[in-house]
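Residues per chain are reported as follows:
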Amino acid sequence: MMATQHRAPMDLLPPELIRIIFLCCLTEAITLSPARFELVLVLTHTCTTWRAIALGTPELWQNFRLGDQRPVSSRLVHPITAIWLSRAPSHCALSLYGVRYTLSSRSFSFLRPHFKRCSRLALLLGTTELYEFMTLPAECLGRLKDLELRLAKFHACNVLNMHDLRLDWRGMTTLHLSRMYVSASSCLGVLRDCILLEECQVNISRINDGEFQKIIPYTERPIVLPSLHTLALYIGPAHHSAFLNALQLPGLRRLYPRRQLRYHWPVTLFRSFLAPSGFLLAELNVTSIHHIHISNQDELCAILRLVPHLTTLHLSGLDRYSDTMIEGLGSGDLVPRLRNVTVQNGSLNQLFCMLEQQVLDG
């Protein structure tokens, strides 16, 4: 009885409940910081009981994030990473995040053997490491479902052939390729196999006449991706309609086109692209429309009228807002279900006054 009275309240809890508390502390993947020990490492150095519970909870060791705040020296990364990965059971799929820390050649070589255990990979790579990643055999990436690759330094002249990535595209659910161009034909060839894809971000290189001939067969038999709900797409003006017509996305809900809607996404193309989804788009991001003329906003208004279910709208690059845009957004006639508006690089007074009045009117 005396021993029980002197025990800490935490020690009176059953191990199963302590394990749940530990997991609730991890709202996201752990961040490796050179300044302090990470939470999970602290849990293993508090007491013998906590250490045993933490080491016996695989979920604590499945997510690993390389320093988000500042570059982490390889002297610190390698030993802590080795400890961390050794505690993750081999039968559990890992998630490895390193999009703010450029992997050096030495760090890439250190992590490379562990890629085969990863279902999620998010890496910031130099050009050399990117091409080394592309040469990895398929068995090294057999578990991969979510892939995010960012190039540390953007090179417009380098165009990635996605067929060089030796992945099982049939099981891929997330694909983000940032700061790099990919060829249109290889992108469509890969997307044809990504039947489970849910999120996609790609930058399509300029479609010359040769590439145009390669993507024509896809327009005759469009690629259907029923699970894709989020698309972030940069594409130039040349033959862009052929690329878009090669895709049918019935589940599309969030769209982030990366160029001027006026010149690259006319209303007719926008209508045909959204028709398979039933115009149920919920989020639209209109970016890179600097120096757009006031008259062109009428076409943007026409595009917004195509998506009455839109709840979130991001606008960037408008120096002024036309009366039609302000009145339509402010009154709710243009986008009746709109709930969230983000505006950058524009005059907000008129727009916000109208939106405020809409809120006051209920």
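Residues numbered from 1 in each chain as written. Predicted model: local features only at pLDDT ≥ 70, side-chain atom pairs only at ≥ 80, totals over all residues. Heavy atoms only, no water.

**Things to note about the overall build of the chain**
- Of the regular secondary structure elements, the chain holds 15 helices and 16 strands.
- Counting only residues that meet the buried cut, the chain has 48% of its 362 residues in that class.
- A sequence separation of at least 24 residues applies to 74% of the contacts in the chain between residues at least 6 apart.
- Surface accessibility of the chain: about 17,900 Å² in total, with carbon and sulfur atoms responsible for 53%. (Helix = DSSP H or I, 4+ residues; strand = E, 2+ residues; numbered from the N terminus. Buried < 20%, exposed > 50% of the residue type's maximum accessible area, 1.4 Å probe, protein only. Contact = heavy atoms within 4.5 Å. Areas by Shrake-Rupley, 256 points an atom, 1.4 Å probe, with all protein chains shown as cover.)

**Some remarks on the packing of helix H8 (residues 184–191) against helix H9 (residues 209–220)**
- In the contact formed by H8 and H9, the axes pass within 8 Å of each other and the chain directions differ by 25°. Accordingly, the angle class assigned to the pair H8 and H9 is roughly parallel. Helix-helix and strand crossings are classified by hand; for H8 and H9 the assignment is left-handed. The segment H8 lies against H9, with Ala184, Ser185, Leu188 and Gly189 engaging Glu211, Lys214, Ile215 and Tyr218.
- Of the residues belonging to the contact of H8 with H9, the class tally is four nonpolar, two polar and two charged. (Axes fitted to C-alpha atoms, helices over the stretch in contact; angles between N-to-C directions. Parallel < 35°, antiparallel > 145°, perpendicular 65-115°, else oblique. Left-handed = near helix turned anticlockwise from the far one by under 90°. Nonpolar A, V, L, I, M, F, W, Y, C, P; charged D, E, K, R; others polar.)

**Quick notes on the side chain of serine 95**
- Here serine 95 lies in strand E3 (residues 94–103).
- By relative accessible area, which is 7% here, serine 95 ends up buried.
- Apart from residues lying up to four places away in sequence, serine 95 is in contact with Gln62, Asn63, Phe64, Ser119 and Arg120.

**Quick word on the nonpolar core**
- In terms of nonpolar packing, the biggest core is built from 95 residues, with Phe115, Leu121, Phe133, Ile204 and Phe243 touching the most fellow members.
- Once residues within four sequence positions are removed from consideration, leucine 121 is found in contact with Leu96, Phe115, Phe133, Leu141, Leu144, Asp146, Leu147 and Glu148. (Core = buried A, V, L, I, M, F, W, Y, C linked by side-chain atoms within 4.5 Å.)

**Here we look at the packing of aromatic side chains**
- Taken as a whole and judged by the stated rule, the model has four aromatic pairs.
- Centroid distance phenylalanine 22 to tryptophan 50: 5.4 Å. Interplanar angle 70°. Geometry classified as edge-to-face. Of this pair, phenylalanine 22 sits in helix H2 (residues 15–24) while tryptophan 50 sits in helix H4 (residues 48–55); the two residues are 28 residues apart in sequence, bridging distant segments of the chain. Comparing phenylalanine 22 with tryptophan 50, the two get one shared label, buried.
- Between the aromatic rings of tyrosine 181 and tyrosine 234, the centroid separation amounts to 5.7 Å while the plane-to-plane angle is 50°, which identifies the pairing as tilted. With tyrosine 181 in strand E8 (residues 181–182) and tyrosine 234 in strand E11 (residues 230–234), the pair connects residues that are 53 residues apart, well separated along the chain.
- Overall, tyrosine 181 belongs to the buried group, its relative accessible area being 15%.
- Its relative accessible area of 18% is what places tyrosine 234 among the buried residues.
- The rings of Phe108, Phe115 and Phe133 are connected pair by pair, giving a single aromatic cluster. (Phe/Tyr/Trp six-rings, centres within 6.5 Å; stacked < 30°, edge-to-face > 60°.)

**Observations concerning the pattern of salt bridges**
- Evaluated as defined, the whole model comprises five salt bridges.
- A salt bridge links aspartate 146 to arginine 120; its shortest N-O distance comes to 3.2 Å. On the criterion of sequence distance, the pair formed by aspartate 146 in strand E5 (residues 146–151) and arginine 120 in strand E4 (residues 118–125) is long-range, its members being 26 residues apart.
- Classification of arginine 120 as partly exposed rests on a relative accessible area of 39%.
- Between glutamate 211 and lysine 214 there is a salt bridge, and its shortest N-O distance comes to 3.8 Å. On the criterion of helical spacing, the pair formed by glutamate 211 and lysine 214 is a turn pair, its members being three residues apart in helix H9. (Salt bridge = Lys/Arg side-chain N within 4 Å of Asp/Glu carboxyl O.)

**Points about H4**
- The set of residues buried in H4 consists of Trp50, Ile53 and Ala54. The buried side chains of H4 occupy one side of the element, clustering within an arc of 100° when seen end-on. For H4, the exposed residues lying more than 90 degrees away from the buried face are Thr48 and Ala52. (Arc of directions from axis to C-beta.)

**Regarding the pairing of strand E14 (residues 283–286)**
- Here E14 shows no split at all, with Glu283 and Asn285 on one side and Leu284 and Val286 on the other all buried.
- Relative to E14, strand E13 (residues 254–257) is paired through two bridges, and the arrangement is parallel. Looking at the pairing, arginine 254 lines up with glutamate 283 of E14.
- Of the pairings in the sheet, the one linking E14 to strand E15 (residues 312–316) comprises four bridges and is parallel in character. If you follow asparagine 285 over to E15, its bridge partner there is histidine 314. (Pairing = 2+ DSSP bridges.)

**What to know about a nonpolar patch on the surface**
- Nonpolar side chains collect at one region of the surface, where Leu17, Ile20 and Ile21 lie side by side and expose about 230 Å² of accessible area between them.
- Note on placement: isoleucine 21 falls in helix H2.
- Look at isoleucine 21 and you get partly exposed, because its relative accessible area is 32%. (Patch = residues over 30% accessible without salt bridge, like charges linked within 9 Å, V, L, I, M, F, W, Y side chains within 5 Å.)

**A look at the confidence of the model for the chain**
- On average, the chain scores 80 in pLDDT, and the residues at 70 or more come to 78%.
- Overall, residues 31–37 carries pLDDT values under 50, and its contacts beyond four positions in sequence, including any with other chains, amount to 17 contacts.
- Note that residues 290–294 has pLDDT below 50 and, in this model, eight contacts with residues that lie over four places away or in other chains. (pLDDT = per-residue confidence, 0-100.)

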